[in-house]
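Residues per chain are reported as follows:
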Amino acid sequence: YTTSSGEKGVLTDLYVYATEGSGHVFVDTQPFTQIDMQGSARLAALVACDVLNLNPNDYDFFYVVRVNTPVVGGPSGGASMTVATIASLLNLSMRDDVVMTGMINPDGSVGPVGGIPAKLRAAASEGVKTFLIPEGQGTVYVRKMHREQRGPFVFISETTEKVNITQLGRELGVRVVE
């Protein structure tokens, strides 16, 4: 999420339950989410069933999202939701030392997202060993805001910085995989 001092990353706890049902998708979040996260959950269920050659109308999907931020939003959790849905349908467990970010596309591909450096730093601070990112986002550009007070005036400027995510991961002790 964005603060006055820049982007801040946080890890989100995601729990997915798939049961026999009739195609419903339920999203339980704390705190509230923006509508795009609900869309990501529905798309995750559809893509997971497509990958596994299952009929999504034969299941109900429950997504439980817990995070320590004011509001959850954006498509960044779509790929994670899809992988967790596949794991639930196959009754597989997930590793807790691997995290990922990326939106899920209807064709099952993982699309680009923003805030990767901040997300990587948050993952490293939680002891994550492997961070999965969308293909092509090994190098990203981030905007940096600069504030300077001169007497009663505040001057705000912005610069763009190139960040090598793989190198940043090495510095933080996290393996980054596109």
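Just so we're clear, the structure is a prediction, and the values are computed from it rather than from any experiment. All chains use their own residue numbering, which begins from 1 and follows the written sequence. Residues qualify for local features only when their pLDDT is at least 70, as the model is predicted, and side-chain atom pairs are given and counted only at 80 or more; totals for whole chains, interfaces and linings, by contrast, use all residues. The basis for every side-chain value is the complete set of heavy atoms in the structure, and neither hydrogens nor water enter the calculation.

> So what about the pattern of salt bridges? Which residues, and what values?
For this analysis, a salt bridge means a side-chain nitrogen from Lys or Arg found within 4 Å of a carboxyl oxygen belonging to Asp or Glu. Applying the stated criterion across every chain yields a total of 3 salt bridges. The closest approach of N and O atoms between Asp28 and Arg66, which form a salt bridge, is 3.0 Å. Placement of Asp28 in strand S4 (residues 25-30) and of Arg66 in strand S5 (residues 59-66) is noted, with a sequence separation of 38 residues between them. For each residue, the accessible area found with a 1.4 Å probe, counting protein chains only, is set against the maximum for its type, and the residue is called buried under 20%, exposed over 50%, and partly exposed in between. Exposure remark for Arg66: the relative accessible area of 27% places this residue in the partly exposed category. Think of it this way: any DSSP run of H or I at least four residues long counts as a helix, any run of E at least two long counts as a strand, and we number them from the N terminus.

> Which residues make up the packing of aromatic side chains, and what are the values?
The pairing test for Phe, Tyr and Trp rings, Trp by its six-membered ring, is centres within 6.5 Å, and the orientation test on the planes gives stacked under 30 degrees, edge-to-face over 60, and tilted for anything in between. This model, assessed by the stated rule, comprises 2 aromatic pairs. Judged by centre distance (4.9 Å) and plane angle (10°), the rings of Phe26 and Phe62 are stacked. Placement of Phe26 in strand S4 and of Phe62 in strand S5 is noted, with a sequence separation of 36 residues between them. Note on Phe26: relative accessible area 38%, which makes it partly exposed.

This is a description of form; function is not addressed.
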